[in-house]
Amino acid sequence: MPAEWEPHAGCWMIWPERSDNWRLGAKPAQAAFAGVASAIARFEPVTMMVSARQYANARRLLPDSVRVVEVSTNDAWARDVGASFLVNGEGELRGVDWPFNAWGGLQNGLYFPWDLDDAVASKMLQLERAVGYRAPKIVEGGAIHVDGEGTVLVTEACLLAEDRNPAATRQEMERVLKDYLGASHVVWLADGVPGDETGGHIDNLACFVKPGVVLLSWCDDPADPHYAVSREAEARLLGARDAKGKAIAVERMPMPAPMFFTDEEAAGIDAVASGMERSNGMRLAASYVNFYIANGAVIAPSFGVPTDEAARAVLARHFPDREIVMVPAREILLGGGNIHCITQQQPGVYFIR
Ligand code: KQY
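Residues numbered from 1 in each chain as written. Predicted model: local features only at pLDDT ≥ 70, side-chain atom pairs only at ≥ 80, totals over all residues. Heavy atoms only, no water.

A. Looking closely at helix α8 (residues 170–181). Under the 1.5 Å per step criterion, the end-to-end length of α8 is 16 Å for twelve residues, consistent within 8% with the ideal 16 Å. Along α8, the residues classified as buried are Met173, Glu174, Val176, Leu177 and Leu181. Down the axis, α8 shows its buried residues gathered within 160 degrees of arc, on one side only. Looking at the buried positions of α8, the neighbouring elements they touch are β4 (84–87), β5 (93–97), β7 (145–146), β8 (151–155), α7 (156–159) and β9 (185–189). Backbone geometry just after α8 places Gly182 at a positive phi near 65 degrees. (Helix = DSSP H or I, 4+ residues; strand = E, 2+ residues; numbered from the N terminus. Expected span 1.5 Å × (residues − 1). Buried < 20%, exposed > 50% of the residue type's maximum accessible area, 1.4 Å probe, protein only. Arc of directions from axis to C-beta. Contact = heavy atoms within 4.5 Å.)

Below, the structure is given as C-alpha cells:
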C-alpha cells in the first residue's frame, strides 16, 4: 500500500444524508463535505458516491469537476468502508475489501444494517476495473496508517477489539495486515483518542508524515484523559522501529481544547434506536491529525478555535512543498470523524517504485 503522500489518481468520498448522525437533515454536513471536496478538487480528481435520492442535490452543490456516481451506502465514511488501494509489482491498481460491521457489530456498532457500506469497496474496485482482495478480518481504513515502506501503524483498541474480530490474536492480525497490504512490520499503539466512537482509530491519534516521522495528537492537560493516551503512544513510538529497522521520530500536534455538542446541535439530530449517542455536553473527538494529503496539498480540519493556527504551522513545517488548506470541519466532527475519515486516496499507477 503506497503512503498517502505518494502521487494520487484521485480521491473518493461519500455524500452524507442520514439524519440520525448529521443534524438538520444533513444540510450543514453536506455543505462541509462540499467544502472538503472542492478543496481537494483543486489538486486532484474527486469522485463523490451518492444515493439515488440525493444525486441531483449533490450534483447541484458540488463543483462540475467532481465526478458524482450513484452508490448506495449506510453512511458517509469513505476511509472506513472504501477500498484500501494498493499498487502491485507491475504498477497495477489493486485494492483490499475489508469486511465492515459499523465499528462493532450488533454489540457496539453505531448502526444496523451496514450491508450497503460493506459492499462499497467492491463497487469502487469494479468502477476502476481493479482486482480486489476480500480480507478475512474486519479492519476499517481509518484503523491503519502506512509509511509506504512496509510499516503499518495501528491501535490495539481497534485491531484486537472483541466486537470486530472475536478472539483474534496479535499474530493473526499482523499476518492479515502483512498479507493484504504488502507490509512487513506492524507498530502497535494502545488506545485512540478518548471519546472516539470508532473505538480508537489510529487516524484520529497519529499518522506518518514521511518514513520515520509520526505526528501525534498531543495533550498537556493532566486532567484530560488524552494526556495519558498521548504519553503512552509517544513512549511506544520512541521504543519502536520501522520496517527498515530505523528509529521513529515523534512530532507533537497540539490538540484543540475540549469541544462539546451544544444544545442546539444535539437537538438537530433525529433520535432513533441506533448506537450513536448524541447529547448536549458530549465531548467531540477533535484532532488535527485527521487530515488528507492530496497531490500538492494537505487538506486539514479547522474548528474556529485558537489552536487552528498552531496546527497549520505544524503542518506547514512537515509539508513544506504542499499548500496547507484548512477547511471548517466542525459539522464533520459532529458526525463522529473528520477529513481523513471521509476521504480515500487512490494511488496513481503511473509511478514505478
Ligand atoms: O472516524 C471515522 N473513521 C468514522 C466515524 C464514524 C462515526 C459514525 N457516526
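B. Structural context of the layout of surface pockets. The space that makes up the largest pocket amounts to roughly 210 Å³. Along the walls of the largest pocket sit 17 residues, with Gly195, Glu197, Glu277, Arg278 and Met282 positioned nearest its centre. Partitioned by chemical class, the residues of the lining of the largest pocket number eight nonpolar, five polar and four charged. The wall of the second largest pocket is formed by Trp15, Pro16, Glu17, Arg18, Ser51, Arg53, Ser72, Thr73, Asn74 and Asp75. Grouping the amino acids of the lining of the second largest pocket by side-chain chemistry returns two nonpolar, four polar and four charged. (1 Å grid on protein atoms, 1.4 Å probe; cavity = no way out; pocket = protein on both sides within 12 Å on 5 of 7 lines; lining within 4 Å. Points joined across faces, edges and corners; volume = space filled by probe spheres on them. Nonpolar A, V, L, I, M, F, W, Y, C, P; charged D, E, K, R; others polar.)

C. Structural context of the nonpolar core. Counting residues in hydrophobic clusters, the biggest one holds 103 residues, and the most contacted among them are Phe291 and Ile299. The contact partners of Ile299, leaving out residues within four places of it in the chain, are Ala39, Ile40, Phe43, Phe291, Tyr292, Ala294, Val325, Val327 and Ile339. By size, the runner-up hydrophobic cluster in this structure holds 21 residues, among which are Val152, Val154, Leu181 and Ala183. (Core = buried A, V, L, I, M, F, W, Y, C linked by side-chain atoms within 4.5 Å.)

D. The arrangement of the site of the ligand in detail. Taken together, the neighbourhood of the ligand is formed by 14 residues, with Asn21, Asp80, Glu197, Gly335 and Cys341 sitting nearest. Between the ligand and Asp80 there is a distance of 2.7 Å, counted from a nitrogen atom to a side-chain nitrogen or oxygen. In the environment of the ligand, an oxygen atom lies 3.4 Å from a nitrogen or oxygen atom belonging to the backbone of Gly336. For the ligand, the protein covers 99% of the area, taking 300 Å² as the surface of the free molecule. Judged by the fraction of its atoms near the pocket grid, the ligand is located in the second largest cavity. (Near = heavy atom within 4 Å. Polar contact = N/O pair within 3.5 Å; in protein donor to acceptor, adjacent residues only side chain to side chain. Areas by Shrake-Rupley, 256 points an atom, 1.4 Å probe, with all protein chains shown as cover. Sits in = over half its atoms within 2 Å of the grid points.)

E. Just unusual backbone geometry, in detail. In this structure, Pro113 follows Phe112 across a cis peptide bond, with omega equal to 0 degrees. In this structure, Pro113 sits in the loop between α4 (105–108) and α5 (115–118). Phi at Ala26 takes a positive value of approximately 70 degrees, unusual for a residue other than glycine. Following the sequence through the fold, Ala26 ends up in the loop between β1 (8–14) and α1 (27–41). At Trp103, a residue that is not glycine, the phi angle is positive and equals roughly 65 degrees. When you line up the elements, Trp103 lands in the loop between β5 and α4.

F. Layout of the sheet that holds strand β11 (residues 213–218). Taking strand neighbours across the sheet as the criterion, the three strands line up as β10-β11-β12 in an open arrangement whose pairing is mixed. Because the sheet does not close on itself, it has two edges, and the strands there are β10 (206–210) and β12 (249–254). Each neighbouring strand pair of the sheet contributes to a mean axis angle of 35 degrees, computed without reference to strand direction. Relative to β12, β11 runs parallel, the two sharing six bridges. By the bridge assignment, Leu215 is partnered in β12 with Glu251. Lying over the sheet, helix α9 (residues 225–239) contacts β11 and β12, oriented at roughly 165 degrees with respect to β11. (Pairing = 2+ DSSP bridges. Axes fitted to C-alpha atoms, helices over the stretch in contact; angles between N-to-C directions.)

G. Spotlight on the pairing of β4. Every second residue of β4 is oriented toward a common face, with Ser84 and Leu86 on one face and Phe85 and Val87 on the other, all of them buried. Summarising the sheet, β4 and β5 pair through four bridges and their orientation is antiparallel. Following the sheet pairing, Phe85 is matched in β5 by Gly95. Adjacent in sequence and paired antiparallel, β4 and β5 are bridged by five residues, among which Gly91 carries a positive phi angle near 80 degrees.

H. Summary view of the packing of aromatic side chains. Under the counting rule described, the total for this entry stands at eight aromatic pairs. Ring geometry for Tyr288 and Phe303: centres 5.3 Å apart, planes at 50 degrees, overall tilted. One end of the pair, Tyr288, is in the loop between α10 (263–267) and β13 (292–294); the other, Phe303, is in the loop between β14 (297–302) and α11 (307–318), with 15 residues separating them in the sequence. The two residues Tyr288 and Phe303 agree in class, both being buried. One aromatic cluster in this structure is built from Trp22, Phe33 and Trp77. It is Arg170 that lies over the ring of Trp188; its NZ or CZ is 4.9 Å from the centre. The aromatic ring of Tyr227 is capped on one face by Arg231, whose charged end is 3.6 Å from the ring centroid. (Phe/Tyr/Trp six-rings, centres within 6.5 Å; stacked < 30°, edge-to-face > 60°. Lys NZ or Arg CZ within 6 Å of the ring centre and 35° of its normal.)

I. Seen up close, the state of the cysteines. A full pass over the atoms with the stated rule returns zero disulfides. Note on Cys207: no disulfide assigned, nearest cysteine sulfur contributed by Cys341 at a separation of 12 Å. Given the relative accessible area of 2%, Cys207 is considered buried. Counting only cysteine sulfurs, Cys207 is the nearest neighbor of Cys219, a cysteine outside any disulfide, at a range of 18 Å. (Disulfide = S-S within 2.5 Å.)

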